[in-house]
Structure formats: C-alpha cells, structure tokens
Amino acid sequence: MRLSRVFLGRSGAALVLERNLLVYKHLWVIIFSGFFEPLFYLFAAQVGLGELVGDVRDGSGRAVTYTEFIAPALLAAAAMNGAVYESTMNIYFKLKFAKTYDAMLATPLKPFDIALGEITWSLTRGAIYATGFLVIVWVTGLTTSPWAILAFPSALLVGFAFAAVGMTATTYMRSWQDFDSVNLVLLVLFLFSATFFPLSVYPDYVQTIAKLSPLYHGVTLIRRLMLGTPDVGLLWHVAFLVTMGAAGLMMARRRLGRLLLP
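Everything in this summary refers to the structure shown in the same document. (Residues numbered from 1 in each chain as written. Predicted model: local features only at pLDDT ≥ 70, side-chain atom pairs only at ≥ 80, totals over all residues. Heavy atoms only, no water.)

1. Remarks on the nonpolar core
Stated precisely, the cut-off is as follows: Put simply, buried Ala, Val, Leu, Ile, Met, Phe, Trp, Tyr and Cys residues joined by side-chain atoms within 4.5 Å make one nonpolar core. Whether a residue is buried, partly exposed or exposed follows from its accessible area with a 1.4 Å probe, protein chains only, as a fraction of its type maximum: under 20%, in between, or over 50%, in that order. The secondary structure listing takes helices from DSSP runs of H or I that are at least 4 residues long and strands from runs of E that are at least 2 residues long, numbered from the N terminus. We call two residues in contact when some of their heavy atoms are within 4.5 Å.
With 64 residues, the main nonpolar core has Leu75, Met80, Tyr101, Phe162, Ile222, Met226 and Leu256 as its most contacted residues. At 16 residues, the largest contribution of residues to this core is made by helix α5 (residues 66–98). The contact partners of Met80, leaving out residues within four places of it in the chain, are Val158, Phe162, Leu186, Leu189 and Leu215. Listed in part, the six residues of the second largest apolar core include Ala194, Leu199, Val206 and Ala210.

Spelled out as structure tokens, the structure:
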C-alpha cells in the first residue's frame, strides 16, 4: 500500500531523479570535476591566445574580442559535456553491470519513466556545468547584453538534446571500448562547430558538414544571445535541438523496453 501511494503521488521520472540526487550527494566531486575544462580554455584565451588573435567577426558581422567570441561556445560545450558524460558511461554501468534498471522495472516504473528521469538527471549535470561557467563569464564582464539571460535556458536545451541522444547511443554499446568512439565524436564536434573560429574560415564543404552538427546549433544560438544579436533565424536552431532531444527520448524509451522487458 505504501509503495502504491508513493507512485500515485509522484511521477516515476521524479523518483528516478530523486534516486540520482541521493546517490550523488556523496559523490559531488565527480560532478564538479568536469566543470573546469571549459574554464581553462576560457582562461587561456583571455590571458594569451586572445591577444594574438585579436578581434573576430561574429555571425552578424560585428567585430568582438576573441574571448567574447569563444565564451558562448564554451558554455554550449560545457552543457554538452556534462550531459554526455552522465548519459553514457554512468548509464552503461547501471544498464549492463549494476542492473539498476532491471530492479526499477520490477516496480510500477515504466521504461519511459526511466528514460525521462535519467535524461533529466543528465541534463541537470549539464546545467550545473553551464551555471558555473555562466557565472564566471558574467563576473569577468564577457556578457553585457540583456539577451544573455536566455543563454541559460538555451544551455539547458543543448543538454537535453545531447543527454537524450547519449542515452540512446548507450543502449547500443557492447563494451567499454565503444566509448572511445563517443570521445572521438565529442572532439570532432568541439573542434568543428564554430567553437573557436567563425564558420566562414572553413572551406565550403566543411561549412556544410558543420551546419549538421548539433553543437553548432547550440553554439550559434547561445553566441547570438550573449552578444546581443538575436534574430528570427534562431528559432531554427531551437527547433533542431528540441527535435533532437524528443527523438532521443522516444528512442531511449523504446530501446530500454526491448532490452529489459520480456
């Protein structure tokens, strides 16, 4: 009876999320360790590389400092990294070794509850990275436009898209070695999504490929907001990330059902 009342009063996804919060309450160092990588990139650009590069042109053709140019991209990358790290290796361990999801499905929880709860938690980790990075950017005076307030929900959208796809990809993993491919994909996205240079510096065929990168859509969305140059075209980037996240969520639910239910 008590278990029934619990499930009637709260959603299954909320219970999965609460479980993660309780587990990571004692492992907070693991979560915050990934926050420092984009911060180091920003620091390097601000004290050294930015002086060598000088001003660059943003998507609207306006000249900005190099540090102002890459800060929004690093924010998007921070959200991506936090979401992917949580939705891949950690979920793989729960799925293949800890058998956490088998135990969950022995309760009234459904595959959709597990998928939504885990994706929400992965998104939360990405949000933690994004929040810390955004605070640093604000303190250092790299954001002056009022539109920058929308950078945080945009980072959440990036985290949602990558968390959902990351969890789906994890259901296809056969061994730990498969995660080398995940790291390779993240590296390629990080380097070729207009993160460090304007898209115009690349050859035409690279520009075409880069525009298919989900990180490129997140970088462009956040950069235009933080630099105060939004336009109606940003709705396309929002739609891309929402579609990517929704498709990943549905696929993750389906894959969990096929793998774990008789």
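2. A closer look at helix α11 (residues 214–226)
Our working definition: Residue count minus one, scaled by 1.5 Å, sets the expected span of a helix.
Compared with an ideal rise of 1.5 Å per residue, which puts 13 residues at 18 Å, α11 spans 19 Å between its outermost C-alpha atoms and is within 8% of the ideal. Burial within α11 is extensive, with 13 of its 13 residues counted as buried. Phi for Gly228, located one or two positions after α11, is positive at around 75°.

3. A few points about the side chain of Gln207
With respect to the element layout, Gln207 can be found in helix α10 (residues 204–210). Those residues in contact with Gln207 that lie beyond four places of it in its chain are Leu199, Ser200 and Tyr202.

4. Digging into helix α12 (residues 234–260)
End to end, α12 covers 39 Å across 27 residues, agreeing with the expected 39 Å (1.5 Å per residue, within 8%). Along α12, the residues that are buried comprise Leu234, His237, Leu241, Met244, Gly245, Gly248, Leu249, Ala252, Arg255, Leu256, Gly257 and Leu260. The inward-facing, buried residues of α12 abut α5, α6 (100–105), α7 (111–139), α8 (151–170) and α11.

5. Quick notes on the pattern of salt bridges
Oppositely charged side chains can form a pair if their charged atoms are brought close together. Note the threshold: Just to be clear on terms, a salt bridge is a Lys or Arg side-chain nitrogen sitting within 4 Å of an Asp or Glu carboxyl oxygen.
Tallying each qualifying case throughout the model produces four salt bridges. A salt bridge links Arg125 to Glu86; the shortest N-O distance between them is 2.8 Å. In this pair, Arg125 sits in helix α7 while Glu86 sits in helix α5, placing the two residues 39 residues apart along the sequence. Residue classification places Arg125 among the buried residues on the basis of a relative accessible area of 6%. For Glu86, a relative accessible area of 0% translates into the label buried. The partner of Glu118 in a salt bridge is Lys94, with the nearest N and O atoms 3.1 Å apart. Note that Glu118 is positioned in helix α7 and Lys94 in helix α5, a separation of 24 residues in sequence. In this structure, Glu118 and Lys94 share a single accessibility class: buried.

By themselves, these observations are geometric and do not establish any function.
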